[in-house]
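Listed here are the chains, written in short residue letters.
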Amino acid sequence: QVQLVESGGGLVQNGGSLRLSCAASGDIFMIDDMGWYRQAPGKQRELVASITPDGSTNFIDSVKGRFTISRDNTKDTVSLQMNSLKPEDTAVYYCYADLTTAWGTPRRNYWGQGTQVTVSS
């Protein structure tokens, strides 16, 4: 079994900062991309940021310049530093890891349980 456990959500004022962390554990053979999605009430889940094993990153336009993503391949962790937060960043944030559990098996996404981020105006 594989588990992704998130931490770091909460309530912050407009312009504030939060750091989300996610640790993957269990029967992991290899992790490819890791990252974060978010889902606001009444909206579709969207990919916020992703990072490859060698550190290449991607962000949606609305968070560029405000969010950074990092990972520690030795600990199977991924973090999202969120600065200059805006009310429109309010959502449940989910980490994911695209991984395999054994040699030769196909990769698939595993998900964390989600953590609420609320930015007050």
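The structure this text deals with has already been given above.
Each chain has its residues counted from 1, running along the sequence as written. At least 70 in pLDDT is required for a residue's local features to be given in this predicted model, at least 80 for side-chain atom pairs to be given and counted, and no such filter applies to totals for whole chains, interfaces and linings, which use all residues. Hydrogens and waters are ignored; side-chain quantities use all the structure's heavy atoms.

Peer 1: So what about the side chain of T100? Which residues, and what values?
Peer 2: Only runs of H or I of at least four residues qualify as helices and only runs of E of at least two qualify as strands under DSSP, and these elements are numbered from the N terminus. Looking at where T100 falls in the secondary structure, it is placed in strand 9 (residues 91-100). With a 1.4 Å probe rolled over the protein chains alone, any residue whose accessible area is under 20% of its type maximum counts as buried; one over 50% counts as exposed, and the rest are partly exposed. Of the residues examined, T100 reaches a relative accessible area of 5% and is grouped as buried. Setting aside residues no more than four positions away along its own chain, T100 makes contact with D27, I28, F29, M30, T105, P106 and R107. Whether two residues touch is decided by their heavy atoms; if any such pair falls within 4.5 Å, the residues are in contact.

Peer 1: Could you give me a rundown of unusual backbone geometry, with the residues and numbers involved?
Peer 2: For D76, which is not glycine, the phi torsion reads 55 degrees and is therefore positive. Among the secondary structure elements, D76 is positioned in the loop between strand 7 (67-72) and strand 8 (77-82). By relative accessible area, which is 23% here, D76 ends up partly exposed. Residue S84 is not a glycine yet carries a positive backbone phi of 50 degrees. As for its placement among the helices and strands, S84 is situated in the loop between strand 8 and strand 9.

Peer 1: Tell me about the sheet that holds strand 7, residues and numbers included.
Peer 2: One open sheet holds the four strands; their spatial order is 1-3-8-7, and the pairing between them is antiparallel. Strands at the two margins of the open sheet, each flanked by one partner only, are strand 1 (2-7) and strand 7. Strand-to-strand twist in this sheet, taken as the mean axis angle between neighbours without regard to direction, amounts to 15 degrees. Judged from the six bridges that link them, strand 7 and strand 8 form a sheet pairing that is antiparallel. Paired with S70 across the bridge in strand 8 is S79. If DSSP finds at least two bridges between two strands, the strands pair. Between N-to-C directions, angles span 0 to 180 degrees; the directions come from axes that are lines fitted to C-alpha atoms, helices contributing only their stretch in contact.

The values are spatial; any link to function lies outside them.
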